[in-house]
Amino acid sequence: MLALPAAAQEETAYETWPEVNAFVKLSENSRLFFLGAGTKVKEQGYSDGALGVHVDIFTSPVLKSRLERTAHRADVARNKFVQLRIGYLYSRSAKGSSSKFVEHTPTFELSPRFYLAKHVLVTSRVRGDLRLVDGVFTPRLRFREKVERSFHIKRFALTPYAHAETFYDWRYDVWHRFRYSAGAEWELNRHVVLEGYYLRQRDNRASTRYLNAIGIALQLYVQ
(Lines give C-alpha, C1' and ligand atoms only; values in the text may rest on other atoms or scores of the structure.)
Protein backbone atom coordinates (compact mmCIF):
# COMPACT_ATOMS: atom_id res chain seq x y z
CA MET A 1 0.00 0.00 0.00
CA LEU A 2 1.35 3.44 -0.96
CA ALA A 3 2.45 5.79 1.78
CA LEU A 4 0.82 9.16 2.19
CA PRO A 5 2.51 12.09 0.42
CA ALA A 6 5.26 13.65 2.48
CA ALA A 7 3.57 17.04 2.41
CA ALA A 8 0.48 15.56 4.06
CA GLN A 9 2.51 14.06 6.89
CA GLU A 10 4.43 17.08 8.18
CA GLU A 11 1.86 18.36 10.66
CA THR A 12 2.54 17.76 14.36
CA ALA A 13 -0.36 17.49 16.80
CA TYR A 14 -0.28 18.47 20.47
CA GLU A 15 -2.71 16.73 22.82
CA THR A 16 -3.48 16.15 26.49
CA TRP A 17 -4.72 12.74 27.64
CA PRO A 18 -6.58 12.86 31.00
CA GLU A 19 -7.51 9.46 32.44
CA VAL A 20 -9.10 7.87 35.51
CA ASN A 21 -8.44 4.20 36.36
CA ALA A 22 -10.13 2.12 39.07
CA PHE A 23 -8.89 -1.31 40.18
CA VAL A 24 -11.19 -3.51 42.29
CA LYS A 25 -9.68 -6.58 43.93
CA LEU A 26 -11.59 -9.84 43.42
CA SER A 27 -9.06 -12.29 44.88
CA GLU A 28 -5.31 -12.63 45.40
CA ASN A 29 -4.90 -13.38 41.69
CA SER A 30 -7.66 -11.37 40.00
CA ARG A 31 -9.20 -7.90 39.84
CA LEU A 32 -11.47 -5.67 37.77
CA PHE A 33 -10.08 -2.67 35.91
CA PHE A 34 -12.29 0.26 34.85
CA LEU A 35 -11.05 3.03 32.57
CA GLY A 36 -12.28 6.46 31.56
CA ALA A 37 -10.15 8.59 29.23
CA GLY A 38 -10.32 11.54 26.87
CA THR A 39 -8.29 13.33 24.24
CA LYS A 40 -7.97 17.11 24.44
CA VAL A 41 -6.52 18.74 21.33
CA LYS A 42 -4.60 21.98 21.76
CA GLU A 43 -6.86 25.02 21.21
CA GLN A 44 -9.75 22.79 19.99
CA GLY A 45 -11.17 21.11 23.10
CA TYR A 46 -11.96 17.41 23.46
CA SER A 47 -11.94 15.34 20.26
CA ASP A 48 -12.94 11.94 21.67
CA GLY A 49 -13.34 9.81 24.80
CA ALA A 50 -13.27 6.18 25.88
CA LEU A 51 -14.75 3.90 28.54
CA GLY A 52 -13.51 0.41 29.32
CA VAL A 53 -13.97 -2.56 31.61
CA HIS A 54 -11.43 -5.39 31.99
CA VAL A 55 -10.56 -8.36 34.16
CA ASP A 56 -6.95 -9.03 35.20
CA ILE A 57 -5.74 -12.53 36.07
CA PHE A 58 -2.31 -13.09 37.64
CA THR A 59 0.05 -16.00 38.10
CA SER A 60 2.49 -16.52 40.96
CA PRO A 61 4.90 -13.77 42.17
CA VAL A 62 7.88 -12.72 40.05
CA LEU A 63 10.31 -13.68 42.80
CA LYS A 64 9.37 -14.54 46.35
CA SER A 65 12.34 -12.51 47.56
CA ARG A 66 10.66 -9.37 46.14
CA LEU A 67 7.39 -9.85 48.00
CA GLU A 68 8.45 -8.09 51.18
CA ARG A 69 9.53 -5.02 49.21
CA THR A 70 6.31 -4.79 47.14
CA ALA A 71 3.72 -6.35 49.45
CA HIS A 72 2.29 -3.00 50.55
CA ARG A 73 2.25 -1.33 47.13
CA ALA A 74 -1.02 -0.23 45.56
CA ASP A 75 -0.46 -2.11 42.29
CA VAL A 76 -0.09 -5.83 43.08
CA ALA A 77 0.78 -6.53 39.43
CA ARG A 78 4.42 -5.71 40.19
CA ASN A 79 4.54 -8.85 42.35
CA LYS A 80 3.31 -11.17 39.61
CA PHE A 81 5.19 -13.07 36.94
CA VAL A 82 2.45 -12.98 34.24
CA GLN A 83 -0.67 -10.87 33.88
CA LEU A 84 -3.54 -11.69 31.51
CA ARG A 85 -6.02 -8.89 30.78
CA ILE A 86 -9.25 -9.34 28.83
CA GLY A 87 -11.60 -6.43 28.30
CA TYR A 88 -13.74 -4.16 26.19
CA LEU A 89 -13.32 -0.50 25.18
CA TYR A 90 -15.97 1.83 23.81
CA SER A 91 -14.85 5.09 22.28
CA ARG A 92 -16.40 7.78 20.10
CA SER A 93 -15.74 11.26 18.86
CA ALA A 94 -16.95 14.31 20.75
CA LYS A 95 -20.07 16.10 19.53
CA GLY A 96 -18.10 19.01 18.12
CA SER A 97 -15.36 16.94 16.51
CA SER A 98 -14.78 17.21 12.76
CA SER A 99 -13.79 13.51 12.54
CA LYS A 100 -16.78 11.42 13.56
CA PHE A 101 -16.36 7.77 14.60
CA VAL A 102 -17.69 5.08 16.94
CA GLU A 103 -15.38 2.25 18.00
CA HIS A 104 -16.02 -1.03 19.84
CA THR A 105 -12.85 -2.89 20.81
CA PRO A 106 -12.53 -6.23 22.60
CA THR A 107 -8.93 -6.40 23.83
CA PHE A 108 -6.55 -8.97 25.27
CA GLU A 109 -3.09 -8.55 26.78
CA LEU A 110 -0.33 -10.83 28.04
CA SER A 111 2.37 -9.22 30.20
CA PRO A 112 5.29 -11.20 31.63
CA ARG A 113 7.54 -9.36 34.12
CA PHE A 114 11.19 -9.79 35.02
CA TYR A 115 13.31 -8.19 37.74
CA LEU A 116 16.85 -7.18 36.87
CA ALA A 117 19.62 -6.01 39.19
CA LYS A 118 19.04 -2.97 41.43
CA HIS A 119 15.27 -3.67 41.57
CA VAL A 120 14.73 -2.67 37.94
CA LEU A 121 11.49 -4.16 36.61
CA VAL A 122 10.98 -4.99 32.92
CA THR A 123 7.48 -5.65 31.55
CA SER A 124 6.94 -7.03 28.04
CA ARG A 125 3.36 -6.52 26.90
CA VAL A 126 1.66 -8.11 23.89
CA ARG A 127 -1.77 -6.60 23.16
CA GLY A 128 -4.40 -7.39 20.54
CA ASP A 129 -7.18 -4.93 19.66
CA LEU A 130 -10.13 -6.47 17.79
CA ARG A 131 -11.44 -3.09 16.66
CA LEU A 132 -14.77 -2.36 15.01
CA VAL A 133 -14.55 1.23 13.76
CA ASP A 134 -17.87 2.41 12.32
CA GLY A 135 -18.74 -1.25 11.75
CA VAL A 136 -15.50 -2.08 9.91
CA PHE A 137 -13.26 -4.76 11.44
CA THR A 138 -9.72 -3.33 11.71
CA PRO A 139 -7.65 -5.47 14.12
CA ARG A 140 -4.19 -4.47 15.25
CA LEU A 141 -1.33 -5.91 17.28
CA ARG A 142 0.81 -3.97 19.74
CA PHE A 143 4.16 -4.74 21.41
CA ARG A 144 5.48 -2.68 24.33
CA GLU A 145 8.64 -2.87 26.42
CA LYS A 146 8.62 -0.99 29.73
CA VAL A 147 11.43 -0.39 32.25
CA GLU A 148 10.79 1.06 35.71
CA ARG A 149 12.44 1.49 39.10
CA SER A 150 10.69 2.39 42.36
CA PHE A 151 12.16 4.66 45.05
CA HIS A 152 10.69 4.87 48.55
CA ILE A 153 10.57 8.33 50.12
CA LYS A 154 9.21 8.00 53.66
CA ARG A 155 5.67 6.69 53.24
CA PHE A 156 5.49 7.53 49.53
CA ALA A 157 6.80 5.64 46.49
CA LEU A 158 8.02 7.27 43.28
CA THR A 159 8.39 5.11 40.16
CA PRO A 160 10.02 6.67 37.08
CA TYR A 161 9.58 4.65 33.90
CA ALA A 162 10.13 4.62 30.15
CA HIS A 163 8.59 2.50 27.45
CA ALA A 164 8.53 2.00 23.68
CA GLU A 165 5.61 0.56 21.71
CA THR A 166 4.98 -0.43 18.09
CA PHE A 167 1.67 -1.08 16.28
CA TYR A 168 0.86 -3.49 13.44
CA ASP A 169 -2.38 -2.73 11.57
CA TRP A 170 -3.90 -5.33 9.21
CA ARG A 171 -5.29 -2.56 6.99
CA TYR A 172 -1.76 -1.70 5.93
CA ASP A 173 0.09 -4.99 6.61
CA VAL A 174 2.96 -3.02 8.13
CA TRP A 175 4.33 -1.75 11.43
CA HIS A 176 3.25 1.84 11.05
CA ARG A 177 2.97 3.50 14.49
CA PHE A 178 5.77 3.96 17.03
CA ARG A 179 5.47 5.46 20.51
CA TYR A 180 8.14 6.51 23.00
CA SER A 181 7.20 7.65 26.49
CA ALA A 182 8.74 8.63 29.81
CA GLY A 183 6.96 9.44 33.05
CA ALA A 184 6.51 8.62 36.70
CA GLU A 185 3.94 7.31 39.17
CA TRP A 186 3.62 8.90 42.59
CA GLU A 187 2.02 6.53 45.08
CA LEU A 188 0.37 8.54 47.86
CA ASN A 189 -0.91 5.44 49.68
CA ARG A 190 -2.25 1.94 48.91
CA HIS A 191 -5.36 3.42 47.32
CA VAL A 192 -4.29 6.50 45.34
CA VAL A 193 -1.59 6.87 42.67
CA LEU A 194 -0.93 9.91 40.47
CA GLU A 195 0.75 9.44 37.10
CA GLY A 196 2.19 11.91 34.60
CA TYR A 197 4.08 11.29 31.38
CA TYR A 198 5.21 12.67 28.03
CA LEU A 199 4.65 10.66 24.84
CA ARG A 200 6.06 11.09 21.33
CA GLN A 201 4.40 9.25 18.45
CA ARG A 202 5.30 8.75 14.79
CA ASP A 203 2.66 7.27 12.47
CA ASN A 204 3.66 6.58 8.86
CA ARG A 205 0.04 6.08 7.75
CA ALA A 206 -1.74 8.96 9.45
CA SER A 207 -2.41 12.39 7.98
CA THR A 208 -0.82 13.83 11.14
CA ARG A 209 2.53 12.08 11.23
CA TYR A 210 3.84 13.28 14.61
CA LEU A 211 2.11 13.59 17.95
CA ASN A 212 3.28 15.09 21.24
CA ALA A 213 1.04 14.20 24.18
CA ILE A 214 1.01 14.97 27.89
CA GLY A 215 -0.78 12.30 29.92
CA ILE A 216 -2.27 12.72 33.40
CA ALA A 217 -3.86 9.75 35.18
CA LEU A 218 -5.52 9.18 38.53
CA GLN A 219 -5.34 5.55 39.68
CA LEU A 220 -7.71 4.32 42.42
CA TYR A 221 -7.25 0.94 44.11
CA VAL A 222 -10.01 -0.82 46.08
CA GLN A 223 -8.27 -3.57 48.05
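Everything in this summary refers to the structure shown in the same document. Small disclaimer: the values here were computed from a predicted structure and weren't measured.

A word on the overall build of the protein chain
Next, step 1: Counting its secondary structure elements, the protein chain contains one helix and 14 strands.
Next, step 2: Its C-alpha atoms give the protein chain a radius of gyration of 18 Å, within 12% of the compact-globule value 17 Å for 223 residues.
Next, step 3: With respect to the three principal axes, the spread of C-alpha positions in the protein chain is 55 × 35 × 30 Å.
Next, step 4: For the protein chain, buried positions account for 42% of its 223 residues.
Next, step 5: In the structure as shown, the protein chain presents an accessible area of about 12200 Å², 63% of it carried by carbon and sulfur atoms.
Next, step 6: When the 34 positive and 23 negative side-chain charges of the protein chain are each reduced to one mean point, those points stand 5 Å apart.

Some details on a nonpolar patch on the surface
Next, step 1: Together, Ile57, Leu84, Ile86, Phe108, Leu110, Val126, Leu130, Leu132, Phe137, Phe143 and Trp175 make up an exposed nonpolar region whose accessible area comes to about 930 Å².
Next, step 2: Contributing elements (two or more residues each) for the nonpolar patch: β4 (82–93) and β5 (102–115).
Next, step 3: Position of phenylalanine 143 among the secondary structure elements: in strand β9 (residues 140–149).
Next, step 4: A residue is classified by how much of its surface remains accessible, and phenylalanine 143, at 34% relative accessible area, is partly exposed.

Let's talk about the packing of aromatic side chains
Here the distance between the centres and the angle between the planes together describe a pair of aromatic rings.
Next, step 1: On inspection of all chains with the given rule, the structure shows seven aromatic pairs.
Next, step 2: Centre to centre, the rings of phenylalanine 23 and phenylalanine 33 are 4.8 Å apart; their planes meet at 10°, and the pair counts as stacked. You can see phenylalanine 23 sitting in strand β1 (residues 12–27) and its partner phenylalanine 33 sitting in strand β2 (residues 30–41), a full ten residues away along the chain. For the pair shown, phenylalanine 23 and phenylalanine 33 are each scored as buried.
Next, step 3: Each ring, one from phenylalanine 156 and one from tryptophan 186, has its centre 5.7 Å from the other, and the planes form 55°; the classification is tilted. Of this pair, phenylalanine 156 sits in strand β11 (residues 156–169) while tryptophan 186 is found in strand β12 (residues 174–187), placing the two residues 30 residues apart along the sequence.
Next, step 4: With relative accessibility at 25%, the residue phenylalanine 156 sits in the partly exposed group.
Next, step 5: Assessed through its relative accessible area of 40%, tryptophan 186 is described here as partly exposed.
Next, step 6: Grouping aromatic residues by their ring pairs yields a cluster made of Phe143, Tyr168, Trp170 and Trp175.
Next, step 7: Directly above the ring of tyrosine 161 sits lysine 146, whose terminal nitrogen or CZ lies 4.5 Å from the centroid.
Next, step 8: Positioned over the ring face of phenylalanine 151 is arginine 149, at 4.6 Å from the centre of the ring.

Things to note about the pairing of strand β14 (residues 210–222)
Next, step 1: Two elements, β1 and β14, share 13 bridges in a ladder whose sense is parallel. Considered in β14, the bridge of tryptophan 17 is made with glycine 215.
Next, step 2: Sheet analysis places strand β13 (residues 192–203) next to β14, joined by eleven bridges and oriented antiparallel. By the bridge assignment, arginine 200 is partnered in β14 with asparagine 212.
Next, step 3: Turn length for the β13-β14 hairpin, with the two strands adjacent in sequence and antiparallel, is six residues.

Some points on the pattern of salt bridges
Next, step 1: Summed over the entire model, instances satisfying the criterion amount to 19 salt bridges.
Next, step 2: Here glutamate 187 ties to arginine 73 by a salt bridge, and the two come within 2.8 Å at their closest N and O atoms. Here the residue glutamate 187 occupies a position in strand β12, and arginine 73 occupies one in the loop between α1 (67–70) and β4, the gap between them amounting to 114 residues. In this pair, the class of glutamate 187 matches that of arginine 73, namely buried.

What counts and what doesn't
- Residues numbered from 1 in each chain as written.
- Predicted model: local features only at pLDDT ≥ 70, side-chain atom pairs only at ≥ 80, totals over all residues.
- Heavy atoms only, no water.
- Helix = DSSP H or I, 4+ residues; strand = E, 2+ residues; numbered from the N terminus.
- Rg over C-alpha atoms; globule rule 2.2 N^0.38 Å.
- Buried < 20%, exposed > 50% of the residue type's maximum accessible area, 1.4 Å probe, protein only.
- Areas by Shrake-Rupley, 256 points an atom, 1.4 Å probe, with all protein chains shown as cover.
- Lys, Arg positive; Asp, Glu negative; His and termini not counted.
- Charge placed at Lys NZ, Arg CZ, Asp CG, Glu CD.
- Patch = residues over 30% accessible without salt bridge, like charges linked within 9 Å, V, L, I, M, F, W, Y side chains within 5 Å.
- Salt bridge = Lys/Arg side-chain N within 4 Å of Asp/Glu carboxyl O.
- Phe/Tyr/Trp six-rings, centres within 6.5 Å; stacked < 30°, edge-to-face > 60°.
- Lys NZ or Arg CZ within 6 Å of the ring centre and 35° of its normal.
- Pairing = 2+ DSSP bridges.

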